[in-house]
Amino acid sequence: MLSTIIYRSQLSESVSPERLQALVDHSSLRNAAIEVTGILLLDGQHFFQVLEGSMEAVLTVYQRISQDDRHFNLIELMRDYAPARRFGHAGMALFDLRDYPQHKVVDALLERVTLSDERIRHDRVVKFLRSFVEGRDKETFIAIEQADRWQLTAPRAFLSQPTWQPAPDQRCEFALQPIVDVASRRIVSCEALIRGPKGASPAEYFAQLHESERYQADLHSKSYAFQLAGHLDLREQTISVNLLPMSLVVIEDAVEYLIQQIRHQGLRPEQVVVEVTEDEVISRFDAFQSAVQQLKAAGISLALDDFGAGFAGLSLLADFQPDKVKIDRKLITDIHCSGPRQAIVRAIITCCQALEITVIAEGVEKIEEWLWLEGAGVRYFQGFLFARPALNTLPPISWPERRPL
Ligand code: C2E
Ligand code: MN
Ligand code: MN
């Protein structure tokens, strides 16, 4: 089946026109052997390439291209299937935008396209090409620095560490993972993640409980989370806890119980954030509303967790505006090289800005992901890049810093 990949990248400084032509000629030959055709656009600073062929062949070529150090910041913009090649002539054409006057460049490009006029009008690949040629894509393009210009500081302890030993009869414990403001090197919140005996994951912990006791266990476990937080020297930081919305719905006086536990540990409700996941909120939206009102009335903040992973997405915000939105790791992973993820996350950021909702990116593992997100305007981050969760204590944090020249 005929497939297409489009990517865009930035040229490394050192590519001369002669070397470029040689590169294209060389790869044209190699590509012809596996029937990969397309076009390589160049505006002096960026490449924009369309690769067409069988998915296997196109991926092989794309893999090889990704390794090439003559360019960086590769972003895959599109991966799709089509009935016919847009550039049916054999080989890979090189198209330098600077060879044409501004008003002629689009026509010159379209002349190379081997589709019917009708197809050209509706073809996404052609639309992508036009957007690049006309410079429209620059409005949304975020140029990031090369990751090797950055390094991580040695992990550093932050708040004073609790000397905390859970009681032997405690049925669960909590690991803490910080949410950080990298630009000002501050911790904004510590998230408490539940752990079963011997460090079992939340899924394992809840699975071994009978369904009838799950909500009760979830709610009551929070007293341990607050106890742990009470031992941290929290100042402007908040403590974030995860709860199934149903734990607040089916258990009588659940919110009152939470508030009582918070105060009992010497904390204020304003220092607490309750995180609920998108999917759970939708499934029992009406029932959850009164719990939301009680939490807000007490001064507790709400965060929508794993945002973008569920079925509702942005439409959920039409009826329910939390204080914070945590963008799901699936959207964050490799965001620096995925055009679709970038478009979705930009939309989430724009929407949350308009609604004054704080955006947190979760699951950040790579410097490049963090660089792109910072460039897009995200300020708060959580992920293994900065710190992994640590049992009963706040882990030390690694901060990105520019490498000395
Ligand atoms: P979550 O609230 O979205 O928490 C983040 C999860 O992602 C944690 O897994 C954390 O260890 C992991 N994580 C954080 N940064 C990274 C990263 O950079 N890369 C990767 N690969 N993973 C990262 P954990 O602790 O296994 O928790 C899983 C989920 O269990 C949580 O997702 C939360 O929805 C739920 N959960 C945790 N504690 C509780 C609780 O007390 N009650 C309820 N109802 N659910 C909880
Ligand atoms: Mn969470
Ligand atoms: Mn999450």
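As the structure is a computational prediction, the values presented were derived from the model and not from experiment.

**Some thoughts on the pattern of salt bridges**
Next up, step 1: Taken as a whole and judged by the stated rule, the model has 25 salt bridges.
Next up, step 2: For glutamate 134, the salt bridge is made with arginine 130, and the minimal N-O distance between the two is 3.6 Å.
Next up, step 3: Of the residues examined, glutamate 134 reaches a relative accessible area of 35% and is grouped as partly exposed.
Next up, step 4: Linking aspartate 328 and lysine 330 is a salt bridge whose minimum nitrogen-to-oxygen distance equals 3.7 Å.
Next up, step 5: Given the relative accessible area of 7%, aspartate 328 is considered buried.
Next up, step 6: When salt bridges that share partners are traced, they join Asp181, Arg186, Glu236 and Arg379 into one network.

**A look at the domain arrangement of the chain**
Next up, step 1: Partitioning the chain into domains gives domain 1 (2-141) and domain 2 (148-402).
Next up, step 2: For domain 1 and domain 2, the distance between their C-alpha centroids amounts to 42 Å.
Next up, step 3: Each partner contributes to the interface: domain 1 provides five residues, whereas domain 2 provides seven residues.
Next up, step 4: Note on domain 1 versus domain 2: buried area summed over both sides is about 440 Å², and carbon and sulfur give 43% of it.
Next up, step 5: On the surface where domain 1 and domain 2 come into contact, there are zero salt bridges.
Next up, step 6: In this structure, the connection of domain 1 to domain 2 is made through three residue pairs in polar contact (both at pLDDT 80 or more).

**A closer look at the packing of helix 7 (residues 211-231) against helix 9 (residues 254-264)**
Next up, step 1: Put simply, helix 7 and helix 9 touch, their axes get as near as 9 Å, and they point 15° apart. By the angle class used here, helix 7 and helix 9 are roughly parallel. Pair helix 7 / helix 9 crosses with right-handed handedness. Residue-level contacts link Leu219, His220, Lys222, Ser223 and Phe226 of helix 7 to Ala254, Tyr257, Leu258, Gln261 and Ile262 of helix 9.
Next up, step 2: When its residues are assigned to classes, the contact of helix 7 with helix 9 shows six nonpolar, three polar and one charged.

**Some words on the pairing of strand 9 (residues 238-242)**
Next up, step 1: Counting buried positions along strand 9 yields four of five residues, so the element is predominantly enclosed.
Next up, step 2: Sheet analysis places strand 8 (residues 186-195) next to strand 9, joined by four bridges and oriented parallel. Across the sheet, the residue bridging to glutamate 191 is serine 240, located in strand 9.
Next up, step 3: Relative to strand 10 (residues 272-277), strand 9 runs parallel, the two being bridged by four bridges. If you follow asparagine 242 over to strand 10, its bridge partner there is glutamate 275.

**Let's talk about the coordination of the manganese ion (ligand 3)**
Next up, step 1: Every protein donor of the manganese ion (ligand 3) is listed here as Asp305 (OD), Asp306 (OD), Glu362 (OE) and Glu362 (OE), and their distances to the metal cover 1.9 to 2.4 Å.
Next up, step 2: Spacing between the donor residues of the manganese ion (ligand 3) along their common chain follows D-D-x55-E.
Next up, step 3: Between the two metals, the manganese ion (ligand 3) and the manganese ion (ligand 2), the spacing is 4.4 Å, and aspartate 305 donates to both.
Next up, step 4: Aspartate 305 sits in the buried class, given a relative accessible area of 5%.
Next up, step 5: With a relative accessible area of 27%, aspartate 306 lands in the partly exposed category.

Procedures and definitions
- Residues numbered from 1 in each chain as written.
- Chains lettered and ligands numbered in written order.
- Predicted model: local features only at pLDDT ≥ 70, side-chain atom pairs only at ≥ 80, totals over all residues.
- Heavy atoms only, no water.
- Salt bridge = Lys/Arg side-chain N within 4 Å of Asp/Glu carboxyl O.
- Buried < 20%, exposed > 50% of the residue type's maximum accessible area, 1.4 Å probe, protein only.
- Domains from an automatic or database assignment.
- Contact = heavy atoms within 4.5 Å.
- Buried area = accessible area lost by both parts, 1.4 Å probe.
- Polar contact = N/O pair within 3.5 Å; in protein donor to acceptor, adjacent residues only side chain to side chain.
- Axes fitted to C-alpha atoms, helices over the stretch in contact; angles between N-to-C directions.
- Helix = DSSP H or I, 4+ residues; strand = E, 2+ residues; numbered from the N terminus.
- Parallel < 35°, antiparallel > 145°, perpendicular 65-115°, else oblique.
- Left-handed = near helix turned anticlockwise from the far one by under 90°.
- Nonpolar A, V, L, I, M, F, W, Y, C, P; charged D, E, K, R; others polar.
- Pairing = 2+ DSSP bridges.
- Donors = N, O, S within 2.8 Å, 3.2 Å for Na, K, Ca; no water.

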